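# Observations on the three-dimensional arrangement
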There are 2 protein chains.
Amino acid sequence: MAPTSEPLTAARILEATEEVLRRHGPAKATVVDVARALGVSHGSVYRHFRTKAALREAVTERWLDRTSASLSGIVAEDGDPEARLRTWFTTLFEAKRHKAGDDPELFATYMVLIGEHSAVVDRHIADLTGQLTTIVEDGVRRGVFASASPAVTARAVFDATGRFHDPCYVRDWEQPGIDDEFEAVVGLVLRGLRV
Amino acid sequence: MAPTSEPLTAARILEATEEVLRRHGPAKATVVDVARALGVSHGSVYRHFRTKAALREAVTERWLDRTSASLSGIVAEDGDPEARLRTWFTTLFEAKRHKAGDDPELFATYMVLIGEHSAVVDRHIADLTGQLTTIVEDGVRRGVFASASPAVTARAVFDATGRFHDPCYVRDWEQPGIDDEFEAVVGLVLRGLRV
DNA sequence: CAGCTGACAAATATTGAAATCTGTCACCTG
DNA sequence: CAGGTGACAGATTTCAATATTTGTCAGCTG
């Protein structure tokens, strides 16, 4: 399209790759498509990313990092830890549900990418449980949460709410009654957390 | 194989279908294979099951029902509800983990079947949460559990422990540390359940 | 000479013709 | 005549030929 203009950067390639994935889906998005979208030869793309897998992995990481970033603000706040925990999960659930509901095809695309790059997902989960650990530690410090090991507890809290953030449950997120189920699980977990 | 002998019953067809699925996997198990294993024509199989899907559904249901049955004993016991709940989940997790670990291919086969027959799975989940509801009600009656609605609470407890019984997490079940994570989640949930 | 190109070999995906399977049903047979 | 058969049409799967894609690299170009 654009014959030549700005210098070819990793960021521009990632942007174009996201667009190609959105348009063609994970199965038909090729490196040649990405290069064409940028008006360069596919050899140039390989100058910035060693393999197609590395390129897709970078796109996946960027996508997951956007979610982490939007939650980190809640961790930084200084209010009631229980309320912050509740807000954190509500925000996460809402964000995932909207991503999945607003553009199911794109979400399905990212689910494929996530399946391809488990190391990135592991890092992302470590990131999120790290945020939870901070909130749990804060709660313990203030004497509102009981936990011998905040990191272990944070992980347990994360695992217990999996139904409301793990993509393997996407289908359930549109089901009626899911909000009540969310409240029930979060309520149960928060009760278990209190001193 | 066996030219003719006992009368052809639904039970014998289900048995043979399980065997064919075990041998050939879900993709290559055909109705003709099942008929051949029984020494009959495939038309006879269609006399007992309207479609291939119905046959596979029946096999799936039988498989899931075996799990439910093995847990119902724990529900019927009359000990400490908290201990029973713990035993119930430990038994479920152990059973699933062994099924998955001992014969991964067969487990993968059943995962495919489960994906094909969500109505059967829904029934199975209703069955299991029903068992949990009985234990929770018992705990409330004895004054050890707090719950405004045992059915809702039971469902929340079931959802919160999904990581240790939902097949979408099979991979995690072999990971080191999974037992600690199980303990952490079950501990958290039981704390949340206590008065 | 840094950055890009495009021809190329090997790996992977697509395609369409042939083979197999599903589900039906008129007709056997003990 | 209850229970079973097997030929059949349409749907689905397989397989091998064909086309595309990935990843490399010698060489072009601004």
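Residues numbered from 1 in each chain as written. Chains lettered and ligands numbered in written order. Predicted model: local features only at pLDDT ≥ 70, side-chain atom pairs only at ≥ 80, totals over all residues. Heavy atoms only, no water.

It is worth spelling out helix H6 (residues 104-116) of chain B at this point. Since one α-helical turn is 3.6 residues long, residues separated by three or four positions face the same way. Residue and element names in this part refer to chain B. Between its first and last C-alpha atoms H6 spans 19 Å; for 13 residues at 1.5 Å apiece the expected length is 18 Å, and the two agree. Taken together, the buried positions of H6 are Leu 106, Phe 107, Thr 109, Tyr 110, Leu 113 and Ile 114. Seen along its axis, H6 keeps its buried residues to an arc of 155°; they face one direction. Counted as exposed and oriented over 90 degrees from the buried face of H6: Pro 104, Glu 105 and Gly 115. In this structure, the buried residues of H6 make contact with helix H1 (10-28), helix H4 (52-76), helix H5 (81-102) and helix H7 (118-141). (Helix = DSSP H or I, 4+ residues; strand = E, 2+ residues; numbered from the N terminus. Expected span 1.5 Å × (residues − 1). Buried < 20%, exposed > 50% of the residue type's maximum accessible area, 1.4 Å probe, protein only. Arc of directions from axis to C-beta. Contact = heavy atoms within 4.5 Å.)

Residues and elements named next belong to chain A. For Arg 123, the location among the structural elements is in helix H7 (residues 118-141). For Arg 123, a relative accessible area of 45% gives the class partly exposed. Between the C-alpha atom of Arg 123 and that of Asp 172, which follows or precedes it by 49 residues, the distance is 25 Å. A distance of 2.9 Å separates the side chain of Arg 123 from the side chain of Glu 61, its partner in a polar contact. (Polar contact = N/O pair within 3.5 Å; in protein donor to acceptor, adjacent residues only side chain to side chain.)

This brings us to the interface of chain B and chain A. With 22 residues of chain B in contact, the opposing surface of chain A contributes 22 residues. Together, the buried faces of chain B and chain A total about 1700 Å²; carbon and sulfur atoms form 61% of this surface. Considering only the surface of chain B that becomes buried against chain A, B:Asp159, B:Leu188 and B:Arg191 emerge as the three largest contributors, covering 31% of it. Of the charged contacts, one joins A:Asp159 and B:Arg163 as a salt bridge, the two residues approaching to 3.2 Å between their closest N and O atoms. The interface formed by chain B and chain A includes 8 residue pairs in polar contact (both at pLDDT 80 or more). Elements supplying a minimum of two residues to the side of chain B that touches chain A: helix H8 (150-160) and helix H9 (178-193) of chain B. In terms of residue count, the dominant contributor to the side of chain B that touches chain A is H9(B) (8 residues). (Buried area = accessible area lost by both parts, 1.4 Å probe. Salt bridge = Lys/Arg side-chain N within 4 Å of Asp/Glu carboxyl O.)

Look at the UniProt record and you will see "DNA-binding region" (unreviewed entry) annotated at residues 30-49 of chain A. Between the C-alpha atoms that bound residues 30-49 of chain A the distance is 13 Å, and the span itself is 75% helix and 0% strand. (UniProt positions renumbered as here; feature names shortened; annotations may be inferred.)

Moving on, we come to the packing of H8(B) against H9(B). Residue and element names in this part refer to chain B. Closest axis-to-axis distance for the H8/H9 pair is 10 Å, and the angle between their directions is 165°. If you check the angle between H8 and H9, you find them roughly antiparallel. Note that H8 runs across H9; the crossing there is right-handed. Residue-level contacts link Thr 153, Val 157 and Ala 160 of H8 to Val 185, Val 189 and Leu 193 of H9. (Axes fitted to C-alpha atoms, helices over the stretch in contact; angles between N-to-C directions. Parallel < 35°, antiparallel > 145°, perpendicular 65-115°, else oblique. Left-handed = near helix turned anticlockwise from the far one by under 90°.)

Bringing the protein's contact with DNA strand C into the picture now. Neighbouring DNA strand C are 15 residues, the closest being A:Ser41, A:Ser44, A:Arg47, B:Tyr46 and B:Lys52. Counting only atoms of DNA strand C within 4 Å of the protein, the fraction found in sugar and phosphate groups is 57%. A distance of 3.0 Å separates a phosphate oxygen of DNA strand C from a polar side-chain atom of B:Tyr46. Put simply, the parts of the chain that give the surface near DNA strand C at least two residues each are helix H3 (42-48) of chain A together with helix H2 (31-38) and helix H3 (42-48) of chain B. Sorting elements by how many residues they give to the surface near DNA strand C places H3(A) first, with 4 residues. Split into classes, the residues belonging to the surface near DNA strand C amount to 5 nonpolar, 7 polar and 3 charged. (Near = heavy atom within 4 Å. Nonpolar A, V, L, I, M, F, W, Y, C, P; charged D, E, K, R; others polar.)

The biggest cluster of nonpolar side chains holds 111 residues, and the ones touching the most others in it are A:Leu85, A:Trp88, B:Leu85 and B:Trp88. Among residues more than four places away in sequence, those in contact with A:Leu85 are A:Leu132, A:Ile135, A:Phe145, A:Leu190 and A:Leu193. (Core = buried A, V, L, I, M, F, W, Y, C linked by side-chain atoms within 4.5 Å.)

Moving on to the protein's contact with DNA strand D. The environment of DNA strand D is formed by 15 residues, the closest being A:His42, A:Tyr46, A:Lys52, B:Ser44 and B:Arg47. Counting only atoms of DNA strand D within 4 Å of the protein, the sugar-phosphate share comes to 54%. Separating a phosphate oxygen of DNA strand D from a backbone N or O atom of A:Val31 is a distance of 3.1 Å. Note that a phosphate oxygen of DNA strand D is positioned 2.5 Å from one of the side-chain N or O atoms of B:Ser44. Among the secondary structure elements, those contributing two or more residues to the surface near DNA strand D are helix H2 (31-38) and H3 of chain A together with H3 of chain B.

What follows concerns the relation of the copies chain B and chain A. Two chain copies here: they are related by a rotation about an axis and a translation along the same axis. When chain B is fitted onto chain A, the two copies agree to an RMSD of 0.0 Å after a turn of 180° and an axial shift of 0.0 Å. Those values place the two copies in the arrangement expected of a two-fold rotation axis. Residue by residue, 100% of the interface of chain B is reproduced at the interface of chain A, so both copies engage with the same surface. (Least-squares fit on C-alpha atoms with pLDDT ≥ 70 in both.)

Here the focus is the side chain of B:Glu18. The topology assignment puts B:Glu18 in helix H1. Sequence-distant contacts of B:Glu18, defined by excluding residues within four places in its chain, comprise B:Val59, B:Arg62, B:Arg66 and B:Tyr110.

Residue and element names in this part refer to chain A. Under the domain assignment used here, chain A contains domain 1 (10-48) and domain 2 (53-193). Relative to domain 2, the C-alpha centre of domain 1 lies at a distance of 30 Å. Across the boundary between the two partners, domain 1 contributes 11 residues, which contact 11 residues of domain 2. Taken over both partners, the interface formed by domain 1 and domain 2 buries close to 1000 Å², and the fraction arising from carbon and sulfur atoms is 65%. (Domains from an automatic or database assignment.)

Residue and element names in this part refer to chain B. Along the polypeptide, Leu 38 turns up in helix H2. Taking the relative accessible area as the measure of exposure, Leu 38 reaches 9% and is therefore buried. Note: C-alpha distance between Leu 38 and Gly 177 (139 residues apart in sequence) is 45 Å.

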